[in-house]
Amino acid sequence: MIKADVVLDAKGLACPMPIVRTKKKMDELKAGQVLEVQATDKGSTADLQAWAKNTGHKYLETKIEGNILHHFLCKDGDHLSEERFAIPTISLEVFRKKVESNKQTCILDVREIEEYKQAHIPGVIHIPLSEVEKRSNELNKDEEIYVICHSGKRSEIAAQTMRKQGFKKVINVVPGMCDWRGKTEQL
């Protein structure tokens with residue numbers, strides 16, 4: 001049984017808030033301390049795993065009690081030395097115009113399958129954030145790739161992961177599908 005030094009209540013919050021609050025709380029901890037994040041958002045597992053990997057913290061495990069997910073993360077003292085890339089962003093309005101121009105645009109949607117099925121931009125490539133690292137070989141490293149999620153947080157993490165793998169032209173769409181007013185399709 002893992003004992004947490006600090007507990008963060010993120011129940012009832014949807015993406016990106018569990019990650020935002022986790023980052024803020026993790027900044028307050030000392031290296032080696034364990035944070036328990038209590039969440040109800042089913043996507044928080046993959047999100048927090050990817051966030052921890054991207055920031056150098058250790059994702060320890062998730063325990064489920066009823067509808068509450070108990071995520072355990074350990075603060076890593078070396079994470080500040082890890083290389084981070086500045087990911088360029090594009091506003092949703094400029095991105096929408098680019099999509100509507102009918103120019104061939106590579107768009108990567110990194111939301112969970114349930115979110116993707118509800119509504120997605122026609123023609124996107126769907127790879128959930130938790131699978132980006134192992135499936136990025138499905139994408140062209142030399143192509144300009146617009147990465148989108150619900151709000152811009154998961155897409156930033158995905159873009160960071162891709163940059164570490166040698167992708168040079170990844171662009172984060174901000175804020176993401178939460179404010180998208182362009183054409184969509186459903187599965």
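Cut-off values and rules
- Residues numbered from 1 in each chain as written.
- Predicted model: local features only at pLDDT ≥ 70, side-chain atom pairs only at ≥ 80, totals over all residues.
- Heavy atoms only, no water.
- Core = buried A, V, L, I, M, F, W, Y, C linked by side-chain atoms within 4.5 Å.
- Buried < 20%, exposed > 50% of the residue type's maximum accessible area, 1.4 Å probe, protein only.
- Helix = DSSP H or I, 4+ residues; strand = E, 2+ residues; numbered from the N terminus.
- Contact = heavy atoms within 4.5 Å.
- Pairing = 2+ DSSP bridges.
- Axes fitted to C-alpha atoms, helices over the stretch in contact; angles between N-to-C directions.
- Phe/Tyr/Trp six-rings, centres within 6.5 Å; stacked < 30°, edge-to-face > 60°.

Q: How would you explain the nonpolar core if you had to name every residue and give the values?
A: A general feature of soluble globular proteins is that nonpolar side chains tend to end up buried together. Judged by nonpolar contacts, the single largest core of 29 residues is most densely connected at Leu108, Val110, Ile145, Val147 and Met162. Sorting the residues of this core by element identifies β1 (6-10), α1 (17-28), β2 (34-39), α2 (44-55), β6 (106-109), α5 (129-135), β8 (145-148) and α6 (153-164) as the ones contributing at least two each. Other than its neighbours up to four places away in sequence, Val147 contacts Leu108, Val110, Ser155, Ala158, Ala159, Met162, Ile171, Asn172 and Val173. One finds Tyr116, Val124, Ile148 and Ile171 within the second-largest nonpolar core, a separate group that totals 14 residues.

Q: Pulling in residues and values, what's your account of the environment of Glu93?
A: Within the element layout of this structure, Glu93 appears in helix α3 (residues 92-100). Measuring from C-alpha to C-alpha, the distance between Glu93 and Pro175 comes to 9.8 Å, with 82 residues separating the pair along the chain.

Q: Please give an account of the side chain of His126 that cites residues and values.
A: Take His126: it is sitting in strand β7 (residues 125-126). Once residues lying within four places of it in the same chain are set aside, the contact partners of His126 are Asp109, Arg111, Glu112, Ile113, Tyr116 and Arg135.

Q: Got a sec to walk through the sheet that holds β7? Specific residues and values, please.
A: Within a sheet, neighbouring strands are paired by backbone hydrogen bonds and run either parallel or antiparallel to one another. Spatially, β5-β9-β8-β6-β7 is the arrangement adopted by the 5 strands of the open sheet, whose pairing is parallel. Where the open sheet ends on each side, the last strands, each with one partner, are β5 (89-91) and β7. As paired strands, β5 and strand β9 (residues 170-174) are joined by 3 bridges and run parallel to one another. Each residue of the ladder has a partner; that of Thr89, found in β9, is Asn172. Along the sheet face, α3 touches β5, β6, β8 and β9 and points at about 80° away from the line of β5.

Q: Tell me about the packing of aromatic side chains, and name the residues and values.
A: One pass over the structure, following the stated rule, counts 2 aromatic pairs. Three or more aromatic residues link up through ring pairs in this structure, and these residues are Phe95, Tyr146 and Trp180.

Q: I'd love a proper account of the environment of Lys168, names of residues and values included.
A: Tracing the backbone shows Lys168 in the loop between α6 and β9. On the accessibility criterion, Lys168 (61% relative accessible area) is exposed. Once the C-alpha coordinates of Lys168 and Asp142 are considered, the two residues, 26 residues apart in sequence, prove to be 6.7 Å apart. If we ignore the near neighbours within four places in the chain, the residues touching Lys168 are Lys141 and Arg163.

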